[in-house]
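Chains, contacts and geometry: an overview
These are the residues of each chain, in order.
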Amino acid sequence: MWNELIRLREATESRKISELFDDTSRASAFSLQNDGLLFDYSKTTLDDDIRTALIDLAREADVEGKRAAMFRGDKINTTEDRAVLHVASRALVGDADDIEIDGRNIMAEGRETFERMIQFSNDLRSGAWPENGPKITDVVNIGIGGSDLGPVMAYKALMPYIDGPRVHFVSNVDGADIHDALHGLDPNTTLVIVSSKTFGTQETLMNARTAMRWMEAGSDNAMERFVAISTSRERTEAFGIAPERVFGFGDWIGGRYSVWSPIGLSLMLAVGPENATEFLRGGHSMDCHFVDAPLQENMPVMLALVGLWHQKFCGYATRAVVPYEHRLSRLPAYLQQLEMESNGKSVAMDGTPLAHGGGPVVWGEPGTNGQHAFFQLIHQGTNVVPVEFIVGAMGHEPDLREHHEALLANCLAQSEALLKGRTLEEARNQLIGQGKSGDELEVLARHRVFSGNRPSTTLVYKKLTPYVLGQMIALYEHRVFVEGVILGLNSFDQWGVELGKELADGLVPAIASGKAPENANGSTRMLLEHFLALAAS
């Protein structure tokens, strides 16, 4: 099927997307709706033949069979011998059957932990906890990677729903991060959440120890104000955190898929259990759609297939995610990790080199800011970058409706401009109308030409609610899964992260002692000596 798609690309390479709209039914024929979401992929070069071939490609890769294997708890993460069941975390709010892994009923365990989270959240938000201190006004969430990106993205997205303590997020080992987060906080009214599945992540534990010293210096009950999100009771207890304040989850939830798990406790504390549950309900709704909808009507599948068409057959190496929603400012960074840590691979499931390579580079920024940054390249640069627009029909500020109308106008205008472009003749006529002529006219006109014919998709929702955010994140998770299955890789390990961690562990004591390791290369040795000299001067 790859060869057929290559043939179709060659046959349609000179196609103008705008000409496809001569068919007045194109917009509806190349878009999908489900549970309040609209996904429009009509501003791409896909036609019926290409779409059929892409769906055949998905069937050839057995997307449906591997999807079923994931949902029933098979250990599809073969390199780590693990199941992949982040979907089970949001199934807690549905009527899903119990799932057993190695003889353990993970749904029963998940329900018990979720109920503990709700009880703890209600107690903290009401002031019933802590019993021997003032009400908690601030939460410091310490984590990194998925233990940070998911909660901070969701917290910013759901700002209109926050009626609990303020949450401050710390991830970077740079001391400036923890310093700035703790600055101005009162240890007596602050809760610290340490999020680390193994409770062995170097950056997280360094920040946690710093927070502990800060708490001890300003509070008589320092360790009572620490909570751990971890599977290691032994390590959390050694740190000093009581078992009743430890919330665990199984190894069947990967870090970048963990916002649905106890890793999302900080979000629940901020928006309350009811809104946190709605977030899970939205994700579960998308799970049900992903499982039940035929491939051509399946939003995650079609989102994945459009992305594969652009990257693998059109040769577009990157994609830009541009949410026209200020509160989704961290969504591009979240999707960077989700996509590039999952599918940034070069080895197939059987250990051989990938036949068609791994996933794309993903990047982005909220609109309209992006229009005044990188959209110049997207419109007139030599590299074609497909754009994925994300936008809501309504904002949360009815008294600022004119702002949202301007936002919507900009979003629609950018996708239209990418499609249509501007010809040299149109540029000339525009400049003639401004009184330009002669050589000046010709030179300026060429600077105002836009090639157009640049693809984009648009995801539309009514309003950014907890439910809608849940739908959206689950949509992109399943998109990554489908792409990974078709490319033939394991989307759920991340061995590329490990080598740098191992080397850093060896260099930390070297920097502290002022002596480079014997096995350091010449560049590393020179840089280390230069760092030490600068610090000593």
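Model, not experiment: these values are computed from the prediction. (Residues numbered from 1 in each chain as written. Predicted model: local features only at pLDDT ≥ 70, side-chain atom pairs only at ≥ 80, totals over all residues. Heavy atoms only, no water.)

A short note on the pattern of salt bridges
Counted by the stated rule, this structure contains 27 salt bridges. The salt bridge involving Lys345 is made with Asp493; its shortest N-O contact spans 2.8 Å. Here the residue Lys345 occupies a position in the loop between helix H15 (331-343) and strand E11 (361-364), and Asp493 occupies one in the loop between helix H20 (466-487) and helix H21 (498-513), the gap between them amounting to 148 residues. Each member of the pair, Lys345 as well as Asp493, is classed as buried. (Salt bridge = Lys/Arg side-chain N within 4 Å of Asp/Glu carboxyl O. Helix = DSSP H or I, 4+ residues; strand = E, 2+ residues; numbered from the N terminus. Buried < 20%, exposed > 50% of the residue type's maximum accessible area, 1.4 Å probe, protein only.)

Regarding unusual backbone geometry
For the bond from Trp129 to Pro130, the omega torsion is 5°, close enough to zero to count as cis. Geometrically, the link from Gly367 to Thr368 is a cis peptide bond, its omega value of 15° lying close to zero. By the element assignment, Thr368 lies in the loop between E11 and helix H16 (375-380). Unlike most non-glycine residues, Phe199 shows phi in positive territory, near 55°. Mapped onto the secondary structure, Phe199 falls in the loop between strand E7 (190-195) and helix H10 (202-218).

Details of the side chain of Arg225
Residue position: Arg225 is located in the loop between H10 and strand E8 (226-229). One buried charged residue, Arg225, remains without a salt bridge, the closest side chain of opposite sign being Glu224 at 4.9 Å. Within the structure, the side chain of Arg225 is placed 3.1 Å from the backbone oxygen of Asn188, a separation counted as a polar contact. (Lys, Arg positive; Asp, Glu negative; His and termini not counted. Polar contact = N/O pair within 3.5 Å; in protein donor to acceptor, adjacent residues only side chain to side chain.)

Points about the nonpolar core
Core analysis: the largest hydrophobic core is formed by 114 residues, its most contacted members being Leu191, Leu469, Met472 and Ile486. The leading source of residues in this core is H20, at 13 residues. The contact partners of Ile486, leaving out residues within four places of it in the chain, are Trp2, Leu57, Ala58, Ala61, Val63, Leu305 and Leu308. Judged by nonpolar contacts, the second largest core, of 22 residues, contains Ile178, Val194, Phe199 and Met215. (Core = buried A, V, L, I, M, F, W, Y, C linked by side-chain atoms within 4.5 Å. Contact = heavy atoms within 4.5 Å.)

Comments concerning the packing of aromatic side chains
On inspection of all chains with the given rule, the structure shows 18 aromatic pairs. Aromatic side chains Phe120 and Phe247 sit 5.8 Å apart centroid to centroid with 55° between the ring planes, which places their arrangement in the tilted category. A residue pair is termed long-range when its members are at least 10 positions apart, and Phe120 in helix H7 (residues 106-126) and Phe247 in strand E9 (residues 246-247) qualify at 127 residues. On the accessibility criterion, Phe120 (8% relative accessible area) is buried. With 5.4 Å between their ring centres and 50° between their planes, Tyr257 and Phe492 make a pair best called tilted. (Phe/Tyr/Trp six-rings, centres within 6.5 Å; stacked < 30°, edge-to-face > 60°.)

With respect to the sheet that holds E8
Overall, parallel pairing links the 5 strands, which are arranged E6-E5-E7-E8-E9 in an open sheet. The open sheet has two edge strands, strand E6 (166-170) and E9, and neither has a second partner. Inspection of the sheet shows E7 paired to E8 by 4 bridges, in the parallel sense. Across the sheet, residue Val194 finds its bridge partner in E8, namely Ala228. Those strands touched by helix H9 (residues 175-182) are strand E5 (138-142) and E6, and its axis lies near 165° from that of E6. In the packing of H10 onto the sheet, the strands contacted are E5, E6, E7 and E8, and the crossing angle to E7 comes to about 160°. (Pairing = 2+ DSSP bridges. Axes fitted to C-alpha atoms, helices over the stretch in contact; angles between N-to-C directions.)

Examining the pairing of strand E13 (residues 456-461)
With 5 of its 6 residues buried, E13 lies for the most part within the structure. Pairing between strand E2 (residues 37-40) and E13: 3 bridges, direction antiparallel. Looking across to E13, one finds that Asp40 is bridged to Thr458. Note: strand E12 (residues 387-392) against E13, 6 bridges, orientation parallel. Among the inter-strand pairings, Val387 is bridged to a residue of E13, identified as Ser456.

A few points about the sheet that holds E13
With mixed pairing, the 6 strands of this open sheet are ordered in space as E1-E2-E13-E12-E10-E11. Only two strands of the sheet have a single neighbouring strand rather than two, namely strand E1 (31-34) and E11. Strand after strand, the sheet turns through a mean of 15° between neighbouring axes, direction not considered. Running over the sheet, H15 touches strand E10 (318-324), E11 and E12 and is turned about 175° from E11.

Here we look at the pairing of E11
Side chains of E11 alternate between two faces, with Val362 and Gly364 buried and Val361 and Trp363 left unburied. Traced from E10 through H15 to E11, the parallel crossover comes out right-handed. (Right-handed = clockwise from strand over helix to strand, strands pointing away.)

Thoughts on the packing of H7 against helix H13 (residues 273-292)
Contact geometry for H7 and H13: axes closest at 10 Å, N-to-C directions at 145°. Side by side, H7 and H13 meet where Phe114, Ile118, Ser121, Asn122 and Arg125 of the first sit next to Pro273, Thr277 and Leu280 of the second. Considering only residue class, the contact of H7 with H13 consists of 4 nonpolar, 3 polar and 1 charged. (Nonpolar A, V, L, I, M, F, W, Y, C, P; charged D, E, K, R; others polar.)

Digging into a nonpolar patch on the surface
Taken together, Met526, Leu527 and Phe531 make up a surface patch of nonpolar side chains, about 310 Å² in accessible area. Relative to the helices and strands, Phe531 resides in helix H22 (residues 522-536). (Patch = residues over 30% accessible without salt bridge, like charges linked within 9 Å, V, L, I, M, F, W, Y side chains within 5 Å. Areas by Shrake-Rupley, 256 points an atom, 1.4 Å probe, with all protein chains shown as cover.)

Considering H9
Taken together, the buried positions of H9 are Ile178, Ala181 and Leu182. Viewed along the axis of H9, the buried residues span an arc of 90°, placing them on a single side of the element. The outward face of H9, more than 90 degrees from its buried face, is lined by the exposed residues His179 and Asp180. Elements in contact with the buried residues of H9: E5, E6 and H10. Immediately beyond the C-terminal end of H9, within one or two residues, lies Gly184, with a positive phi of roughly 85°. (Arc of directions from axis to C-beta.)

Some details on the packing of helix H1 (residues 2-12) against helix H4 (residues 48-60)
Running from N to C, H1 and H4 point in directions that differ by 160°, and their axes come no closer than 10 Å. Judged by the angle between their axes, H1 and H4 are roughly antiparallel. With respect to the hand of their crossing, H1 and H4 are arranged in left-handed fashion. Contacts between H1 and H4 pair Trp2, Glu4, Leu5, Leu8 and Thr12 from the former with Asp49, Ile50, Ala53, Leu54 and Leu57 from the latter. (Parallel < 35°, antiparallel > 145°, perpendicular 65-115°, else oblique. Left-handed = near helix turned anticlockwise from the far one by under 90°.)

Details of helix H8 (residues 146-157)
An α-helical turn contains 3.6 residues, so any two residues separated by three or four positions project in the same direction. With 12 residues, H8 ought to run about 16 Å at 1.5 Å a step, and its terminal C-alpha atoms sit 16 Å apart, in line with that. Across the 12 residues that make up H8, a large majority, 11, are buried. Those residues of H8 lying buried are Gly146, Ser147, Asp148, Leu149, Gly150, Pro151, Val152, Met153, Ala154, Tyr155 and Ala157. Buried positions along H8 lie against E5, E6, E7, helix H12 (265-271), H15 and H20. (Expected span 1.5 Å × (residues − 1).)

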